[in-house]
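These are the residues of each chain, in order.
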Amino acid sequence: MDLFRKAILHPGPPQDFALQTVQQVIKPQKQVKLVQDENQLLENILRTLLQELVSAAVQSGEEIMQYGQSIADGDIRPWKIRRWLYIVLYLCEKEHVEGGMIFQLLEDLTEMSTMRNCKDIFGYIESKQDILGKPELFARGKLVMLRTCNQLLRRLSKANDVVFCGRIIMFLAHFFPLSERSAVNIKGVFNTSNETKYEKEAPDCSTIDFNFYKTFWSLQESFSNPASLTPALTKWHKFTSSLTVVLNTFEAQTLSDEEGSAINLEDEGSNFSIKYLTSSNLMGLELKDPSFRRHVLVQCLILFDYLKAPGKNDKDLPSDTMKEEIKSCEERVKKLLEMTPPRGKEFLHSIEHILERERNWVWWKRDGCPAFEKQPIEKKLAQEGGRKRRPRWRLGNKELSQLWKWADQNPNALTDPQRVRTPAIMDYWKPLAEDMDESAGIEEEYHHKNSRVYCWKGLRFSARQDLEGFSRFTEHGIEGVVPLELLPPDVRSKFQAKPGDRSKRAKKEETKGSVQQVEESQIATTPASETDVEGSRMDPEASVAPADGDAIITSGSGSQGGSGTPTSDENQKQISDGDVGLEAGQIEADTEAEQGMIDGEMDAEVDLDVVA
């Protein structure tokens with residue numbers, strides 16, 4: 001302790017003796033930095049010494065921050081407590097001792113001092129703001145400094161010590177970063193303890209409308225706690241009715257330019273009071289005061305802006321009717337502010353700008369208060385001897401070029417035939433065949449037939465590679481398209497064609513083949529010249545119908561004899577040939593119609609299945 005007392009009186013700079021004094025008192029294990037136990041021991045010694053200095057200053061009757069200065073024989077010694085703080089601050093800045101030690105001493109000093117001495121202590125804190133705000137010190141002592149300032153604000157009077165309170169708030173705003181969450185009212189708690197007291201009963205000989213007086217000052221209850229208006233509709237209706245009465249009064253009693261020019265806005269700040277008086281005798285004068293009227297109207301805009309602010313829960317959001325009422329009242333309030341002299345339009349523009357900035361703060365708090373500060377980008381100095389050439393990348397930037405280099409066979413991979421190929425029909429329907437096997441135990445909801453894309457692709461593959469399986473889709477659905485070789489025996493029997501169906505199909509094929517043979521024989525017996533002549537006379541429609549074609553060919557053969565009337569043999573031959581032609585045409589038409597019906601039904605069911 002005695003060594004520290006001598007260090008206070010040492011005239012040289014702290015770097016000459018501060019560290020040596022600490023090492024002599026503590027005798028640390030390390031020569032430069034103290035460990036945790038050693039820091040705790042040193043902190044107890046420093047706090048004890050500070051208490052002794054403050055006690056000696058109080059007994060001497062001197063100011064705490066000015067205690068200890070002596071001028072004798074030309075020897076000027078600094079103030080002891082200020083000198084002592086300066087030495088500890090140096091040790092904390094150089095990280096010889098724990099960084100939060102200086103903040104703890106400042107908190108003890110403010111707690112042991114009166115408010116008159118606290119102003120000098122806080123002046124010292126303001127002068128060392130740059131050093132205290134360094135990262136190595138700020139991280140250790142920011143909470144202690146915040147607690148110290150809040151304790152000072154609680155001890156100060158908001159009405160008498162307005163300047164000192166403002167100094168503390170300004171210091172906190174500069175000391176802490178802009179994104180510090182401790183300075184943000186994230187929960188949106190209102191100061192409901194700030195009550196506006198007014199007269200509840202009408203006094204004797206009152207010259208004003210006392211009902212209007214009570215209605216006017218009752219608005220302050222809603223202004224101090226806007227969150228209470230949203231859940232309870234009765235409070236909102238009461239507030240809107242009271243506000244309508246006040247706005248109607250303001251509109252009826254407009255202010256002239258002479259009344260507005262009587263107030264000098266530049267000197268208004270010096271006469272500003274923290275709250276207006278609520279005496280009923282002053283109501284008439286306050287209504288004629290432009291500053292008082294603006295104060296109330298701005299409160300209305302702040303309230304409306306809070307109700308419309310984003311980031312609330314569904315319960316706190318206003319209803320549609322409330323939004324319409326807010327919009328109408330807001331328009332009236334802005335019109336009254338614009339009409340209030342002096343310079344009403346300029347004042348309204350400034351208020352709207354401030355409210356816009358406030359909405360940005362609301363969004364910032366709703367997003368979790370992200371940091372505004374960004375770390376500066378370190379610029380790498382170019383090598384000496386010339387300008388560094390900017391690299392060129394093959395694919396535009398470094399990341400894409402590096403991604404391309406990771407695979408050696410990237411160009412060959414684009415031309416690989418395995419990359420784009422059509423799977424075999426057996427491989428594609430194998431998963432659905434496994435689903436149809438009851439022994440596999442696959443649940444119905446997990447079957448591949450429930451996938452429309454899978455079924456659509458499979459029908460396309462079957463139409464190209466397996467027409468027989470594709471034809472089973474009409475009768476059995478998508479499961480009938482699966483090749484029978486993939487199905488188990490018990491399931492395969494359901495989708496195999498019956499013998500009767502096979503015989504019908506065979507008959508149809510034989511009939512179709514005989515029709516084709518008859519047509520070929522007729523074409524072979526017709527002379528080429530007659531075919532060419534008569535073919536040139538045939539219209540396009542005649543080439544489509546088989547019966548008409550046969551009739552034309554027959555008439556052509558009759559004219560070959562040089563007579564317009566055919567003989568009996570020729571008639572017989574014509575009738576027989578015509579019957580054969582008609583019979584063949586009918587069979588072919590029936591076959592094509594039946595085949596078209598089958599194809600049409602299959603196409604319709606495929607389309608319906610895809611659309612479903």
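Above: the structure in question.
Model, not experiment: these values are computed from the prediction. (Residues numbered from 1 in each chain as written. Predicted model: local features only at pLDDT ≥ 70, side-chain atom pairs only at ≥ 80, totals over all residues. Heavy atoms only, no water.)

Explain the overall build of the protein to me, please; I cannot follow it from the model alone.
Each helix and strand counted, the protein has 27 helices and two strands in total. Within the protein, the fraction of its 612 residues that count as buried is 31%. Once local pairs closer than 6 in sequence are excluded, the contacts in the protein between residues at least 24 apart make up 67%. (Helix = DSSP H or I, 4+ residues; strand = E, 2+ residues; numbered from the N terminus. Buried < 20%, exposed > 50% of the residue type's maximum accessible area, 1.4 Å probe, protein only. Contact = heavy atoms within 4.5 Å.)

Would you explain the packing of helix 14 (residues 290–307) against helix 16 (residues 344–366) in this entry?
Relative orientation and spacing of two packed helices are given, respectively, by the angle between their axes and the distance between those axes. Running from N to C, helix 14 and helix 16 cross one another at 30 degrees; their axes reach a closest spacing of 11 Å. The angle between the axes of helix 14 and helix 16 places the two elements in the roughly parallel class. Considering only the axes of helix 14 and helix 16, their crossing is right-handed. Of the residues in helix 16, those in contact with Arg-294, Val-298, Leu-301, Ile-302 and Asp-305 of helix 14 are Gly-344, Phe-347, Ile-351, Leu-355 and Arg-359. In the contact of helix 14 with helix 16, the residues fall into six nonpolar, one polar and three charged. (Axes fitted to C-alpha atoms, helices over the stretch in contact; angles between N-to-C directions. Parallel < 35°, antiparallel > 145°, perpendicular 65-115°, else oblique. Left-handed = near helix turned anticlockwise from the far one by under 90°. Nonpolar A, V, L, I, M, F, W, Y, C, P; charged D, E, K, R; others polar.)

Is there a simple way to explain helix 9 (residues 162–175) in this structure?
With 14 residues, helix 9 ought to run about 20 Å at 1.5 Å a step, and its terminal C-alpha atoms sit 20 Å apart, in line with that. All buried positions along helix 9 are accounted for by Phe-164, Cys-165, Ile-168, Phe-171, Leu-172 and Phe-175. Buried residues of helix 9, viewed axially, fall in a sector of 125 degrees; they line one side. Those residues of helix 9 that are exposed and aimed more than 90 degrees away from the buried face are Val-163, Ile-169, Ala-173 and His-174. Structurally, helix 9 contributes buried residues whose contacts are with helix 5 (101–111), helix 6 (115–127), helix 7 (129–132) and helix 8 (135–155). (Expected span 1.5 Å × (residues − 1). Arc of directions from axis to C-beta.)

Hey, could you run me through the state of the cysteines in this one?
Here a disulfide denotes a covalent bond joining the sulfur atom of one cysteine to the sulfur atom of another. The full count for this structure, using the stated rule, is zero disulfides. No disulfide involves Cys-300; its sulfur sits 8.4 Å from the nearest other cysteine sulfur, which is in Cys-329. (Disulfide = S-S within 2.5 Å.)

For this particular structure, what's the right way to read the pattern of salt bridges?
Here the idea is simple: oppositely charged side chains can pair when their charged atoms come close. Scanning the model with the defined rule gives 16 salt bridges in all. Lys-334 is paired through a salt bridge with Glu-330; the nearest N and O atoms lie 3.7 Å apart. Here Lys-334 pairs with Glu-330, and both are found in helix 15 (residues 320–339), just four residues apart, close to one helical turn. For Lys-334, a relative accessible area of 26% puts it in the partly exposed group. Judged by relative accessible area, Glu-330 falls into the buried class, the value being 14%. For Lys-334, the salt bridge identified is with Glu-352, shortest N-O distance 3.6 Å. You can see Lys-334 sitting in helix 15 and its partner Glu-352 sitting in helix 16, a full 18 residues away along the chain. For Glu-352, a relative accessible area of 32% corresponds to the partly exposed category. (Salt bridge = Lys/Arg side-chain N within 4 Å of Asp/Glu carboxyl O.)

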